[in-house]
Amino acid sequence: MATDIATERPATQPPAADVPLRIRSVTAADMVTLVGAAAGALALDWVLYERVLPFSGALGFWVCWYVLFLVFYTSIASLQWDRLAVQDKVVQVALSTFGVLATAIVIDQVAYTLVRGFAAVRHSTFWTQTMASAGPLSPITVGGIAHALVGTLEMLALSTFMSVPLGIAAAVYLAEVGGRAARPVRTLVDAMTSLPDIIAGLFILAFIVLTIGVPKSGFAASLALAITMLPIVARAAETVLRIVPGTLREASYALGGSQWRTVLMVVLPTARSGLATAVVLAMARGIGETAPVLLVAGYSRVMNVNPFANWQTSLPLYTYDEIQSPETADHIRAFGAGFVLIILVLILFTIARRIGGGTPGELTRRQRRRIARQDAALRRMAERTMG
Amino acid sequence: MPSEAQTQVMPAVPDDTPRTIVARPSTGDKIFRGILRASGWSVFVITGLILVFLILRALKAFKFMGFAFLTTSAWITQSPQHFGIAAILPFGVLIALIAMIIAVPTGIAIALYISEYAPPRLRQPLIALIDLMAAIPSIIFGLWGLFFLMPRILGFESWLGRHLGFYKPSPALASNYANSTFIAGVVVSLMVIPIVTSLSRQVFSQAPQGEREGAYALGSTRWGMIRTVVLPFGRGGVIGATMLGLGRALGETIAVTLIIVPAWHFTFNMLQSGSNSIASRIAVDFSSYPDPRSMGLSALMAAGLVLFAMTLIVNTLGAVVIGRSRSGQATG
């Protein structure tokens with residue numbers, strides 16, 4: 001169609017810049033059909049659900065509305081279009097709902113925890129106190145998460161310290177050495193990413209705690225966390241290493257670089273941002289794990305800053321323990337700890353998105369800005385010397 | 001190629017074969033590769049150690065109960081000892097199956113929406129959202145399921161029970177439906193959806209552009225193109241993603257533990273209050289046995305071993321299928 005318009009234009013006019021015709025996939029008829037079906041379904045649903053049928057409950061209302069909506073939409077669409085087009089549009093609408101549904105569930109979970117948890121985190125004592133002073137019937141103003149926060153951060157640091165070097169080395173093995181022998185390793189890493197998290201805790205309990213004799217502690221818990229984080233780091237890091245351009249490796253080899261120099265000085269630095277993302281994502285997963293910590297960290301109501309001796313508590317463990325108490329104040333504390341946990345996950349997640357996400361070698365906004373600054377400075381200097 | 005060209009010009013040189021090049025890695029490279037190989041194979045060492053130590057710790061329980069460990073549906077670890085996984089294993093499998101029935105179609109639908117329908121502007125945020133869903137701690141899923149979802153889903157459950165006709169408690173109280181296998185399954189499904197979605201989205205987006213355009217050129221609608229190009233291309237990935245998701249669902253611990261109340265007689269009646277699973281049994285029970293030599297701890301290790309073996313098999317099969325479908329990334 002764009003070409004038709006171009007040829008009909010009188011030749012005397014100077015040809016305007018060749019702007020591609022914007023093809024809109026959504027027409028007014030589409031929109032009216034959609035809105036009409038939604039409104040009609042809502043009306044019928046209200047009549048049926050609230051007046052005719054003996055149902056109740058918000059969830060059921062919206063499920064019924066959705067079913068009615070699909071029926072309405074299909075029938076209105078089949079009045080206007082042929083069978084194939086109707087099929088296409090109905091599928092599009094149905095699939096789009098699932099996208100909206102996923103968004104709604106995530107937002108709901110985060111918001112629900114944040115709203116319920118706010119009742120706890122607005123008390124400053126919640127941040128500064130441990131549970132040492134809180135009895136079973138203490139109000140929310142007494143007792144807090146200071147010990148759990150310290151425990152979580154220490155366990156996370158230790159487990160990151162243990163899992164990241166091993167995970168990245170395994171990823172480099174898969175991506176750089178490879179070969180036939182690497183295939184089973186990759187399969188097992190894939191399989192381990194969704195291994196039950198409680199098994200890691202059970203293994204550390206059976207091996208490190210009961211057999212070797214290391215007492216239950218933050219350190220034992222970090223070992224269990226490291227086992228769950230290792231495959232996540234390895235998997236994500238391998239994906240990143242694979243998209244490092246092969247030409248960079250070849251250039252390094254051509255300059256006489258050995259393999260270890262190529263990996264350490266070319267491949268890894270090129271993939272730096274992606275690797276950082278892999279690490280931070282694994283940390284976001286590790287920080288929320290309850291089951292591995294549950295079996296081997298013990299549970300402490302008081303501050304213990306030494307992860308190598310005595311029992312420690314992490315935030316998820318604190319939440320798990322508080323939610324099982326029958327007292328309302330304990331439930332509020334549990335949601336408060338959930339609040340902090342979600343905030344920590346969100347922070348880690350935002351960091352991961354900020355530093356990575358791009359392809360290797362692609363510059364971040366800050367790097368681009370720095371290069372632009374250097375460019376400008378050079379140009380100014382050049383102008384000054386010329387003038 | 002160059003050798004061919006030369007032989008054509010100068011046939012007098014008959015055997016102009018390329019030199020065989022032998023790459024001899026330097027000592028540094030050998031050490032480097034050794035370290036990398038050791039790190040790579042460490043996952044096998046870890047898996048092997050898990051197996052060995054769970055078996056060692058479980059021997060006592062296996063010796064005591066023998067084959068009856070698989071057929072007993074009780075968990076009495078004080079004398080007279082009588083325990084087995086005949087109730088908790090099928091309950092856990094049922095939870096996982098409910099989760100999969102919900103999560104697989106939903107996950108595929110979300111993946112298709114993201115890779116095929118979403119406006120390009122929304123695509124990256126949606127991918128981030130699914131990643132975030134995977135990173136939400138399971139304890140949060142547990143809290144949400146227990147306090148937000150459960151009160152709201154009871155009405156739906158009783159409706160299901162009445163109209164599908166398989167569960168009609170005599171006084172139709174809401175408490176008869178609370179803490180049921182079904183609710184646990186729904187919550188676990190939400191934890192499986194991100195796994196299914198992100199893995200199948202990856203394979204869907206790899207569907208070859210040429211074949212997509214071919215389908216359009218033959219007059220296909222978008223859905224027709226998806227049905228004939230994207231879905232067949234992504235089948236392997238979807239199957240693998242489903243199996244990895246199943247592994248996750250079988251082993252989910254904390255959310256399930258918070259939602260269910262323990263039950264000891266297996267029933268297919270998923271709406272009935274009370275359920276169980278191996279993972280949640282371990283999480284609840286481990287603290288009752290401070291003595292490392294106790295039968296109770298050994299029984300938990302045995303149950304854990306069964307869970308581990310089961311999920312390892314399911315996950316490995318899934319990973320093999322995923323690895324095959326990821327043909328573009330085959331080990332080179």
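Computed from a predicted structure; not experimentally measured. Each chain has its residues counted from 1, running along the sequence as written. Lettering of chains starts at A and numbering of ligands starts at 1, both following the order in which they are written. Local features in a predicted model are, by the rule used here, given only for residues with pLDDT of at least 70; side-chain atom pairs are given and counted only at 80 or more, and totals for whole chains, interfaces and linings are based on all residues.

A. Structural detail: the overall build of chain A. A count of helical and extended segments in chain A gives 16 helices and zero strands. Around each residue's C-beta, the other C-beta atoms within 10 Å are counted; 20 or more make the residue buried, 12 or fewer make it exposed, and counts in between make it partly exposed. All C-beta atoms are placed from the backbone. Looking at chain A as a whole, 44% of its 387 residues qualify as buried. Within chain A, residue pairs in contact and separated by at least 24 positions form 72% of the contacts whose partners lie at least 6 positions apart. Strands here are runs of E lasting at least two residues and helices are runs of H or I lasting at least four, both read from the DSSP assignment and numbered beginning at the N terminus. Working definition of a contact: two residues with C-beta atoms, positioned from the backbone, lying within 7 Å.

B. Inspection of the domain arrangement of chain A at higher detail. All names here are of chain A. When cut into domains, chain A gives domain 1 (28-119) and domain 2 (132-362). All the domain ranges listed were derived from an automatic or database domain assignment. Using only C-alpha atoms to locate each centre, domain 1 and domain 2 end up separated by 39 Å. Contacts between domain 1 and domain 2 engage seven residues on the former and six residues on the latter.

C. Local environment of unusual backbone geometry. Positioned with a positive phi, Asn310(A) is a non-glycine residue whose angle comes to about 65°. Mapped onto the elements, Asn310(A) comes out in the loop between α13 (291-296) and α14 (315-323). Its 15 C-beta neighbours within 10 Å are what place Asn310(A) among the partly exposed residues. A positive phi angle is found at Asn179(B), which is not glycine, with a value near 55°.

D. A look at the interface of chain A and chain B. Listed as interface residues are 79 residues of chain A and, on the opposing side, 85 residues of chain B. Taken together, the residues of the side of chain A that touches chain B break down into 50 nonpolar, 21 polar and eight charged. Each residue is assigned to one of three groups, with Ala, Val, Leu, Ile, Met, Phe, Trp, Tyr, Cys and Pro labelled nonpolar, Asp, Glu, Lys and Arg labelled charged, and all others, Gly among them, labelled polar.

E. How the structure looks around the confidence of the model for chain A. Residue and element names in this part refer to chain A. pLDDT expresses, on a scale from 0 to 100, how confident the predictor is about each individual residue. Looking at chain A, the pLDDT average stands at 84 and 90% of residues meet or exceed 70. Highest mean pLDDT in chain A belongs to helix α6 (residues 146-177) (92); lowest belongs to helix α1 (residues 2-8) (44). For the stretch residues 1-11, pLDDT sits under 50, and the model shows three contacts to residues farther than four places along the chain or on other chains.

F. Seen up close, the environment of Val104(B). Residue and element names in this part refer to chain B. Relative to the assigned elements, Val 104 resides in helix α3 (residues 88-117). Under the C-beta neighbour-count criterion, Val 104 is labelled buried, with 21 such atoms within 10 Å. Residues Val 104 and Arg 324, spaced 220 residues apart in sequence, show a C-alpha to C-alpha distance of 20 Å. Every residue in contact with Val 104, bar those within four places of it in the chain, is listed here: Val 196 and Thr 242.

G. Layout of the packing of helix α9 (residues 218-242) of chain A against helix α12 (residues 272-287) of chain A. Residue and element names in this part refer to chain A. Comment: axis = line fitted to C-alpha atoms, over the contacting stretch for helices; angle = value between 0 and 180 degrees taken between N-to-C directions. It is the contact of α9 with α12, at a shortest axis distance of 9 Å, that shows an interaxial angle of 155°. Between α9 and α12, the angle is such that the two are roughly antiparallel. Note on packing geometry: the crossing formed by α9 with α12 is right-handed. Contact residues: Leu 225, Thr 228, Met 229, Ile 232, Val 233, Ala 236, Ala 237 and Val 240 in α9; Gly 274, Leu 275, Ala 278, Val 279, Leu 281, Ala 282, Arg 285 and Gly 286 in α12. The residue inventory of the contact of α9 with α12, partitioned by class, reads twelve nonpolar, three polar and one charged. For classification purposes, an angle smaller than 35 degrees is called roughly parallel, one larger than 145 roughly antiparallel, one from 65 to 115 roughly perpendicular, and anything else oblique. In this scheme the handedness of a crossing depends on how the near helix is turned from the far one: anticlockwise by less than a right angle means left-handed, clockwise means right-handed.

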